[in-house]
Amino acid sequence: VLFPLFQKAAVTQMAIKKIEPEVAAIKEEYKNKPEEQTRKILELYRVNKVNPFSSILVLFIQIPIILALFWVFRGNFQFDPKELYSFVSLPAVLSTKLFGLIDITSKSAILAILTGLTQYFQTVLTLPPAKPKSSANPSFKEDFARSMNMNMRYFMPVFVGYIAYTLSSAIAIYWLTSNIFAIGQELYIRSSRKD
């Protein structure tokens, strides 16, 4: 269901990488005129039909899903038959085990580790590699960019794994499945685009 949004975000990221040299040239040319620099960069994005904020939409759509899973599967899972629609028959047995193996209402270290690993691979695929230091005394901006890149690449997967472990397995399964699909979609989009 989220494939069109993931695809648009991935295509946008590839387009941003493609025009990165032009953005760098604008930043260098207008480094003392921040308003003009911003205007020129936004104009470049418009001409190339790039929306740098399109990948945020995917995140915002997933937040309610994760919150809903949290609220449904938090603590002791209780089921009240009166909450069923009148046309749904009452199940004889209600199991909270996925495929009879994983209790989705409890924690799972294995799922948390798998979630962290897939988050790492997804991050590696989507983030550009960290740029090497350009000089012995890099600017604050260069240091900050490298630091953010390293945090997103290494800290974020550990954080996601920790969150997946502290919450119910249902959230870890959702996150793991989303990561696997996102990795597959990223690879598919990269292989289908020739530019």
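Residues numbered from 1 in each chain as written. Predicted model: local features only at pLDDT ≥ 70, side-chain atom pairs only at ≥ 80, totals over all residues. Heavy atoms only, no water.

Moving on, we get to the overall build of the protein. Summing up its helical and strand segments, the protein has seven helices and two strands in all. Classification of the 195 residues of the protein by burial places 30% in the buried group. Partitioning the contacts of the protein with sequence separation of at least 6, the portion at a separation of at least 24 is 74%. Carbon and sulfur atoms provide 65% of the accessible area of the protein, an area that totals close to 13700 Å². (Helix = DSSP H or I, 4+ residues; strand = E, 2+ residues; numbered from the N terminus. Buried < 20%, exposed > 50% of the residue type's maximum accessible area, 1.4 Å probe, protein only. Contact = heavy atoms within 4.5 Å. Areas by Shrake-Rupley, 256 points an atom, 1.4 Å probe, with all protein chains shown as cover.)

Another aspect to go through is the side chain of Ser108. When you line up the elements, Ser108 lands in the loop between β2 (102-103) and α5 (109-126). The class for Ser108 is buried, based on a relative accessible area of 15%. A distance of 3.3 Å separates a polar atom in the side chain of Ser108 from the backbone nitrogen of Leu111. Those residues within four positions of Ser108 in sequence are excluded, and the remaining contacts are Tyr165 and Ser169. (Polar contact = N/O pair within 3.5 Å; in protein donor to acceptor, adjacent residues only side chain to side chain.)

With that settled, the discussion passes to the pattern of salt bridges. Tallying each qualifying case throughout the model produces two salt bridges. Glu36 is the salt-bridge partner of Arg39, the closest N and O atoms lying 2.6 Å from each other. Within this pair, Arg39 and its partner Glu36 are both found in helix α3 (residues 34-47), separated by three residues, close to a single helical turn. Its relative accessible area of 42% is what places Arg39 among the partly exposed residues. (Salt bridge = Lys/Arg side-chain N within 4 Å of Asp/Glu carboxyl O.)

Bringing a nonpolar patch on the surface into the picture now. On the surface, a cluster of nonpolar side chains totalling about 750 Å² of accessible area is made up of Phe53, Ile56, Leu59, Phe60, Ile63, Leu67 and Trp71. Within the secondary structure, Ile56 is located in helix α4 (residues 54-73). A relative accessible area of 36% places Ile56 in the partly exposed class. (Patch = residues over 30% accessible without salt bridge, like charges linked within 9 Å, V, L, I, M, F, W, Y side chains within 5 Å.)

This paragraph deals with the side chain of Gln122. Following the sequence through the fold, Gln122 ends up in helix α5. Apart from the residues within four sequence positions on either side, Gln122 is in contact with Asn179, Ala182 and Ile183.

Glancing now at the nonpolar core. In terms of nonpolar packing, the biggest core is built from 11 residues, these being Leu2, Phe6, Ala9, Val58, Ile66, Leu69, Val160, Ile171, Tyr174, Trp175 and Ala182. Elements with a contribution of two residues or more to this core: α1 (3-18), α4 and α7 (169-192). When residues of this core are assigned to their parent elements, the largest contribution, four residues, is made by α7. Membership of the second largest hydrophobic core comes to 10 residues, among which are Ala15, Ile16, Ile41 and Val50. (Core = buried A, V, L, I, M, F, W, Y, C linked by side-chain atoms within 4.5 Å.)

It is worth stressing that arrangement in space is one thing and function is another; only the former is reported here.
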